[in-house]
Amino acid sequence: MREYRSKMMYKPIKFTPPQFLALIFICLVTLGGLLLKLPFATEKEISWIDAFFISTSAATVTGLAPIDVGSTFTLFGEIVIMLLIQIGGIGVMAFAVLVVIMLGKKIGMKQRLLMQEALNQPSLGGVIRLVRNLFIFVFIMELLGVIFLVAKWVPEMGWTKGLYYSLFHTIAAFNNAGFALWPDNLSRFVGDPIVNLVITTLIMTGGLGFTVVFDLYYQRRFKKLSLHSKVMLVSTLIVNVLAILAIFVFEYSNPNTLGKLSASEKIWAAYFQGITPRTAGFNTIDIASLQQPTLMLMLLLMFVGAGSTSTGGGIKLTTFIVIVFAVINFIKGKEEIIIFNRTIRNQILFRALAILSISILFIFIATMLLTFTEDAGLMPILFEVVSAFGTVGLSMNFTPHLSSLGKIIIIFIMFLGKMGPLTLVYSISKPEKTKVRYPDGELFTG
């Protein structure tokens, strides 16, 4: 009897992959918050809520900040933020697997299942090879980013500061985190071709998704690419071009944004701000001064987000495309979703609809709560919530004015956006599968 009680008392807790990923991510945020609260991490004392807000924002590669990062944190604090961005962008499990590989140990089935969940892969096959290639690719891209930015900033700032600023902003850009060490973000470089091209290239590369990049490297021909890669490449091009053109038209005469810039600066500003809303929160113009149509467009771009297995957030571009094609095909009277001559399974559509519905629900609840806790209009609040959910980091200068309760709500939404709505739901629920088939029923809709 005693042995039975002993076994019951010390029965190990078993976590599902989503639960384990959520747990280690909470541990990462907690560790980051504790480090940022250390006296030598800041130039001036910050509150505990601000420390954990910045830690969450960095680990979720968002970029929202209630305080100015560049003037508040010491070199140690900024390095902590940079490491949180790097680990959060690539993934905690990816770093853990890299350490195991370097130690020469075998990767067990449990670790492979966690990596499959973390990288959103459909199967276990090739997961470890993907991790190896992932780190090689990250190293090459960030090295190139640093080299190009060094060529720009070292002559202006000197070797030490120029190299450090190049490294910080390269890591932030590639991992789609909108942190900058200047109080005006990157507004001072609004017409600078090097900064605009390097930052946006890093953002787009990180936002495409690692599977797409590796597919391009191995196949090298559009016809041989996977359906996912084809959809991501074509839809990214279309969305980016439309966003750039729309922002250029909407803001052309706005004296607070593009209206005060020269012709070339207008083009660069529209280009930069058309790229960043889907993935990273860098800005070269004042977001709070944008026209209402531009803000509405950015809300949609932030909500849609980047690609699967990327460093960005949102419901993901492929999710949005599946739903759009489902609506179009329904209107046309077609029973199946066809994309690039391939039929999309109903299970994928159901998953896309679940992601969309849960995301809208959480955004609605968070926005409604913030209307009670904050003294602000609906647009700044909604913009903040969607930016946090999409792990974007753009703000209508509203983040510094959040109350303590408001910061907690935004912290949760950033966490939700990084983990993904379905992952979070799976971590607190037990999906049930049944083979029972019930008779068809009829419901009137529309």
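Residues numbered from 1 in each chain as written. Predicted model: local features only at pLDDT ≥ 70, side-chain atom pairs only at ≥ 80, totals over all residues. Heavy atoms only, no water.

A separate point is the overall build of the protein. Scanning the protein for helices and strands turns up 19 helices and two strands. Burial analysis of the protein (446 residues in total) assigns 52% to the buried set. Within the structure as shown, the protein displays about 22700 Å² of accessible surface, and the carbon and sulfur contribution to it stands at 66%. (Helix = DSSP H or I, 4+ residues; strand = E, 2+ residues; numbered from the N terminus. Buried < 20%, exposed > 50% of the residue type's maximum accessible area, 1.4 Å probe, protein only. Areas by Shrake-Rupley, 256 points an atom, 1.4 Å probe, with all protein chains shown as cover.)

Our focus in this paragraph is the side chain of Glu374. Examined against the element boundaries, Glu374 turns out to sit in the loop between helix 16 (346-373) and helix 17 (378-389). Within the buried core, Glu374 has no salt-bridge partner, and the shortest N-O distance to an opposite charge, that of Lys407, equals 8.8 Å. At 2.5 Å, the side chain of Glu374 and the side chain of Ser403 are in polar contact. (Lys, Arg positive; Asp, Glu negative; His and termini not counted. Salt bridge = Lys/Arg side-chain N within 4 Å of Asp/Glu carboxyl O. Polar contact = N/O pair within 3.5 Å; in protein donor to acceptor, adjacent residues only side chain to side chain.)

Below, the discussion takes up the side chain of Ser395. Inspection of the secondary structure puts Ser395 in the loop between helix 17 and helix 18 (404-419). Exposure remark for Ser395: the relative accessible area of 14% places this residue in the buried category. Looking at Ser395, its side chain comes within polar contact range of the side chain of Thr399, at 3.1 Å. Once residues within four sequence positions are removed from consideration, Ser395 is found in contact with Leu64, Ile287, Phe383 and Glu384. (Contact = heavy atoms within 4.5 Å.)

Side chains that are nonpolar tend, in soluble globular proteins, to be buried together. Counting 103 residues, the largest nonpolar core has Ile81, Ile85, Ile199, Phe282, Phe383 and Ile410 as its most contacted members. Not counting residues up to four positions away in its chain, the partners in contact with Ile81 are Leu36, Ile54, Ala58, Val69, Phe73 and Phe168. Ranked by size, the runner-up nonpolar core spans 15 residues in total, among them Val231, Met232, Val304 and Leu349. (Core = buried A, V, L, I, M, F, W, Y, C linked by side-chain atoms within 4.5 Å.)

A contiguous nonpolar patch, built from Ile136, Phe139, Ile140, Leu143, Leu144, Ile147 and Phe148 and spanning about 700 Å² of accessible area, is present on the exposed surface. Judged by relative accessible area, Phe139 falls into the exposed class, the value being 57%. (Patch = residues over 30% accessible without salt bridge, like charges linked within 9 Å, V, L, I, M, F, W, Y side chains within 5 Å.)

Another point: the packing of helix 14 (residues 292-304) against helix 17. For the pair helix 14 and helix 17, the least separation of the axes is 8 Å and the interaxial angle reads 25 degrees. As summarised for this structure, helix 14 and helix 17 are arranged roughly parallel, according to the angle between their axes. Handedness of the helix 14/helix 17 crossing: left-handed. On helix 17, the residues that touch Gln292, Leu295, Met296, Met298, Leu299, Met302 and Phe303 of helix 14 are Met379, Leu382, Phe383, Val386, Ser387 and Phe389. For the contact of helix 14 with helix 17, the class distribution of residues is 11 nonpolar, two polar and no charged. (Axes fitted to C-alpha atoms, helices over the stretch in contact; angles between N-to-C directions. Parallel < 35°, antiparallel > 145°, perpendicular 65-115°, else oblique. Left-handed = near helix turned anticlockwise from the far one by under 90°. Nonpolar A, V, L, I, M, F, W, Y, C, P; charged D, E, K, R; others polar.)

A few words on the packing of helix 15 (residues 317-331) against helix 16. Close contact between helix 15 and helix 16 brings their axes to 9 Å; oriented N to C, the two are set at 110 degrees. Judged by the inter-axis angle, helix 15 sits roughly perpendicular to helix 16. Crossing of helix 15 against helix 16: the hand is left-handed. In this structure, helix 15 uses Thr319, Val322, Ile323 and Ala326 to contact helix 16, whose residues at the interface are Ile348, Leu349, Ala352, Leu353, Ile355 and Leu356.

Considering all chains together, one arrives at 17 aromatic pairs under this definition. Arranged with centres 5.3 Å apart and planes meeting at 80 degrees, the rings of Tyr217 and Tyr218 form a pair that is edge-to-face. Judged by relative accessible area, Tyr217 falls into the exposed class, the value being 52%. In this structure Tyr218 comes out as partly exposed when scored by relative accessible area, which is 46%. One aromatic cluster in this structure is built from Trp153, Tyr164, Tyr165, Phe168, Trp182 and Phe189. Across from the ring centre of Trp48, 5.1 Å away, lies the NZ or CZ of Lys37, which sits over that ring. If you follow Lys266 out to its NZ or CZ, it ends over the ring of Tyr252, 5.1 Å from the centre. (Phe/Tyr/Trp six-rings, centres within 6.5 Å; stacked < 30°, edge-to-face > 60°. Lys NZ or Arg CZ within 6 Å of the ring centre and 35° of its normal.)

Moving on, we get to helix 13 (residues 263-275). For helix 13, built from 13 residues, the straight-helix expectation of 18 Å at 1.5 Å per residue is met to within 8% by its first-to-last C-alpha distance of 19 Å. Considered for burial, the residues of helix 13 that qualify are Lys266, Ala269, Ala270, Tyr271, Phe272, Gln273, Gly274 and Ile275. Where the residues of helix 13 are buried, they touch helix 10 (193-208), helix 12 (227-251) and helix 14. (Expected span 1.5 Å × (residues − 1).)

Moving on, we get to the environment of Asn256. By secondary structure assignment, the location of Asn256 is in the loop between helix 12 and helix 13. Relative accessible area serves as the criterion here: at 44%, Asn256 is assigned to the partly exposed category. Separated by 31 residues in the primary sequence, Asn256 and Ile287 place their C-alpha atoms 9.7 Å from one another.

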